[in-house]
Amino acid sequence: MLTNSRILSSQKLWSTFCRSFGSQQGKPRETLKKDEVFELDVKPTKGEKESWDGANVKEEVKVLTPRERKMEEDRKRLKWAKLPDEKNLFRSKFASFNKNENDMGWLTFVSQPWDFSISGIRKAINDWAIQRDKYLQQYLPKRVEVLGPDLAVAHFLCTRRGKVRFAGDTEWITSETLKDIPNVFDPKYHLEEIDTQDCFLYYEGIQNFRDLEYCKKISIRNSPHFDDWCMDSISGANLPALEELDLRGCTKLTFRSLACIYRLEKLKKLLLTINSNIEWKLTMAMLEEANPNLEIVVEEVENKVLEDKK
C-alpha cells in the first residue's frame, strides 16, 4: 500500500512539471507519454568550455610512438628525486624547525643583523657557495639503484675533477674519458682505486664511498674539509677490501680520528700528516698494536704550520 501511494505521488509531480514546462514554451499543456524523450536547451556557463556537449565529454588522447613511450618510461625510471605529495598536507608553523625537511638558513639570515659591507657580502656569497656544494654532493639512493655502487662513485667523482680506476684496467677514468663507461648498472665494472686529490669534498660527498667491495686504495690528499667526521664515515662505509688509505695534507684531522681505523680490518698502509704532539704517537702505537699488519707512514710538520693551515 505504501509503495502504491509513492508511485501515485511521483506521477502527479511528473505531470505537473510537464504542464508547467509546456506553458513556458508557449505550447498547450499536454502530458508526455511513457518513455517519451525531450531535450533541454541548456547553454554552458561562463566557467565551462564552449565545446561542452552535454553529458558526453570527449577528451583528446595523445598517441605516443614507440620511441616516445620508451623515453617516457626511462624518464620515470631514472628520476632520482621524488617530489612530496602536497595534497591535503598539513603544515604547522613549527615545521620551519624540522631539520629533516626544512632549511634553517633563511631563519638564520632574517634573525641576524645584515652586513652590507664588502667583506660581509663576500662572506655571504662564500657561505652560499658552500651550502650549494654540500647540497650537490649529497648521497642519492636513486643514483645507486640505477648505476650500482661502483659506477655511481665513478660518475660522482669524475664530474668533480676526480679520477678512478677499475679492476683489470691500467688507465684512469677522468672527466674526459667518463663517456667510455656505461651509464647503467654493469656487473663487470669493479672499482679498485679512487683519487680525490683535486676534489673539494665535504662530509656529504664522503658519504658516497660506501659498499665498495673491491676497492683497495683511496687517496684523499690535500683535502681542506676532511675532518674526524669524514674519517668516521670512511671507516664505517663497508669497505672490506681496502688496503691503503692516503690522508696526507688533511690538516683538519686530529689524533682522535685514528680510534675508528680498527674497523678497516684489511688496511695495510696508512699515510698521515701529523704534528709532533705526543697524543699522535700514543694513538698510532695503540693502532699498530690492534692491527699488527698495518704500516703507518707519517709526514711530520711543525705545530705552528699545522695551525696556520687550519
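Predicted, not measured: the structure shown is a model, and the values here were computed from it.

Participant: Account for the pairing of strand 6 (residues 295-300), with residues named and values stated.
Facilitator: Note: strand 5 (residues 269-274) against strand 6, six bridges, orientation parallel. Note that in strand 6 the partner of Leu271 across the bridge is Val297. Once the chain exits strand 5 it traverses helix 8 (residues 278-290) before rejoining the sheet at strand 6, and the crossover so formed is right-handed.

Participant: Go over the packing of aromatic side chains with me, naming the residues and quoting the values.
Facilitator: Counted according to the given criterion, the structure contains one aromatic pair. Residues Phe166 and Tyr189 carry aromatic rings whose centres are separated by 5.2 Å and whose planes lie at 85° to one another, so their mutual orientation is edge-to-face. Residue Phe166 is located in strand 1 (residues 163-166), and its partner Tyr189 is located in the loop between strand 1 and strand 2 (191-195); the two are separated by 23 residues in the primary sequence. Relative accessible area serves as the criterion here: at 23%, Tyr189 is assigned to the partly exposed category. The ring of Trp172 has Lys163 lying over it, and the distance from NZ or CZ to the ring centre is 5.2 Å. In this arrangement the basic side chain of Arg210 is found over the ring face of Tyr139, its NZ or CZ atom lying 3.9 Å from the centre.

Participant: Give a detailed account of the side chain of Ser235, specifying residues and quantitative values.
Facilitator: Within the secondary structure layout, Ser235 lies in helix 7 (residues 228-235). Under the relative-accessibility criterion, Ser235 is labelled buried at 5%. Separated by 2.9 Å, the side chain of Ser235 and the backbone oxygen of Asp232 make a polar contact. When near neighbours in sequence (up to four residues on either side) are disregarded, Ser235 contacts Cys260, Arg263 and Leu264.

Participant: So what about the nonpolar core? Which residues, and what values?
Facilitator: Of all hydrophobic cores here, the largest spans 48 residues; its most connected members are Ile194, Phe226, Leu247 and Leu270. At nine residues, the largest contribution of residues to this core is made by helix 5 (residues 141-158). Beyond its immediate chain neighbours, meaning those up to four positions away, Ile194 contacts Val153, Leu157, Lys163, Val164, Phe209, Leu212, Cys215, Lys217, Ile218 and Ser219.

Participant: So what's going on with empty space enclosed by the protein? Residues and values would help.
Facilitator: Summed over the entire model, instances satisfying the criterion amount to one cavity of 30 Å³ or more. Of the pockets and cavities examined, the largest cavity occupies roughly 40 Å³. As for the largest cavity, its lining consists of Tyr139, Arg143, Val144, Pro149, Ala152, Val153 and Asn208. Residue classes in the lining of the largest cavity are distributed as five nonpolar, one polar and one charged.

Participant: Give me the lowdown on the confidence of the model for the protein, citing residues and values where you can.
Facilitator: Predicted confidence across the protein gives a mean pLDDT of 77, with 65% of residues reaching 70 or more. For the stretch residues 23-44, pLDDT sits under 50, and the model shows 13 contacts to residues farther than four places along the chain or on other chains. Note that pLDDT drops below 50 for residues 46-59; the model gives that stretch three contacts with residues more than four away or on any other chain.

Participant: Could you give an account of the environment of Glu300, naming the residues involved and the relevant values?
Facilitator: Its place among the elements puts Glu300 in strand 6. When its relative accessible area of 48% is taken as the criterion, Glu300 is described as partly exposed. Taking the C-alpha atoms as reference, Glu300 lies 6.6 Å from Ser276; in sequence the two are 24 residues apart.

Participant: Could you give me a rundown of the pairing of strand 5, with the residues and numbers involved?
Facilitator: Buried residues dominate strand 5, accounting for five of its six residues. Relative to strand 5, strand 4 (residues 244-246) runs parallel, the two sharing three bridges. Paired with Leu245 across the two strands is Leu270, which belongs to strand 5.

Participant: Outline the pattern of salt bridges, listing residues and values.
Facilitator: Any two side chains of opposite charge can pair, given that their charged atoms come close. Scanning all chains against the criterion turns up ten salt bridges. Across the salt bridge formed by Asp133 and Arg132, the nearest N and O atoms sit 3.5 Å from each other. The exposure class assigned to Asp133 is partly exposed, which follows from its relative accessible area of 25%. Assessed through its relative accessible area of 39%, Arg132 is described here as partly exposed.

Participant: Let's hear about helix 8: which residues, and what values?
Facilitator: For helix 8, spanning 13 residues, the distance from its first C-alpha to its last is 19 Å, which sits close to the expected 18 Å at 1.5 Å a residue. Within helix 8 the residues assigned to the buried category are Trp280, Thr283, Met284 and Leu287. One side of helix 8 carries all its buried residues, which in axial view fall inside an arc of 100°. Of the exposed residues in helix 8, those oriented more than 90 degrees away from the buried face are Ile278, Leu282, Met286 and Glu289. Looking at the buried positions of helix 8, the neighbouring elements they touch are strand 5 and strand 6.

Quick notes on the rules
- Residue numbers here run from 1 along each chain, matching the order of that chain's written sequence.
- Local features in this predicted model are restricted to residues of pLDDT 70 or higher, and side-chain atom pairs are both shown and tallied only at a pLDDT of 80 or more, whereas totals for entire chains, interfaces and linings draw on every residue.
- Computation of side-chain values covers all heavy atoms of the structure but excludes hydrogens and water.
- Strand pairing requires that DSSP identify at least two bridges connecting the strands.
- Going along the chain from the N terminus, every DSSP run of H or I of four or more residues is numbered as a helix, and every run of E of two or more is numbered as a strand.
- A clockwise path from the first strand over the helix to the second, with the strands pointing away from the viewer, defines a right-handed crossover.
- Two rings belonging to Phe, Tyr or Trp (six-membered ring only in the last case) form a pair when the distance between their centres is within 6.5 Å. Interplanar angles under 30 degrees mark stacking, angles over 60 mark edge-to-face geometry, and anything in between is tilted.
- Partly exposed residues are those whose accessible area sits between 20% and 50% of the maximum for their type, while under 20% is buried and over 50% is exposed, using a 1.4 Å probe and protein chains only.
- The criterion for a charge sitting over a ring is simple: Lys NZ or Arg CZ within 6 Å of the ring centre, and within 35 degrees of the ring normal.
- Polar contact is defined as a pair of N or O atoms within 3.5 Å, subject to the rule that within protein one atom must be able to donate a hydrogen and the other to accept it, and that residues adjacent in sequence are counted only when both atoms are side-chain atoms.
- Contact definition: two residues touch when any of their heavy atoms are within 4.5 Å.
- The criterion is simple. A nonpolar core is a set of buried Ala, Val, Leu, Ile, Met, Phe, Trp, Tyr and Cys residues joined through side-chain atoms within 4.5 Å.
- A cavity, in this analysis, means grid points on a 1 Å lattice covering only the protein atoms where a 1.4 Å probe fits yet has no way out; a pocket is instead an open set bounded by protein on both sides within 12 Å along at least five of seven lines, and a residue lines either one if it has an atom within 4 Å of a point.
- Grid points are joined across faces, edges and corners, and a volume is the space filled by probe spheres set on the points.
- Basically, the charged four are Asp, Glu, Lys and Arg, the nonpolar ten are Ala, Val, Leu, Ile, Met, Phe, Trp, Tyr, Cys and Pro, and anything else, Gly included, counts as polar.
- Residue-level confidence of the predictor is summarised by pLDDT, bounded by 0 at the bottom and 100 at the top.
- Just to be clear on terms, a salt bridge is a Lys or Arg side-chain nitrogen sitting within 4 Å of an Asp or Glu carboxyl oxygen.
- By definition here, a helix of n residues has an expected span of 1.5 Å times n minus one.
- An arc is given here, and it is the one of the directions from the helix axis to the C-beta atoms.

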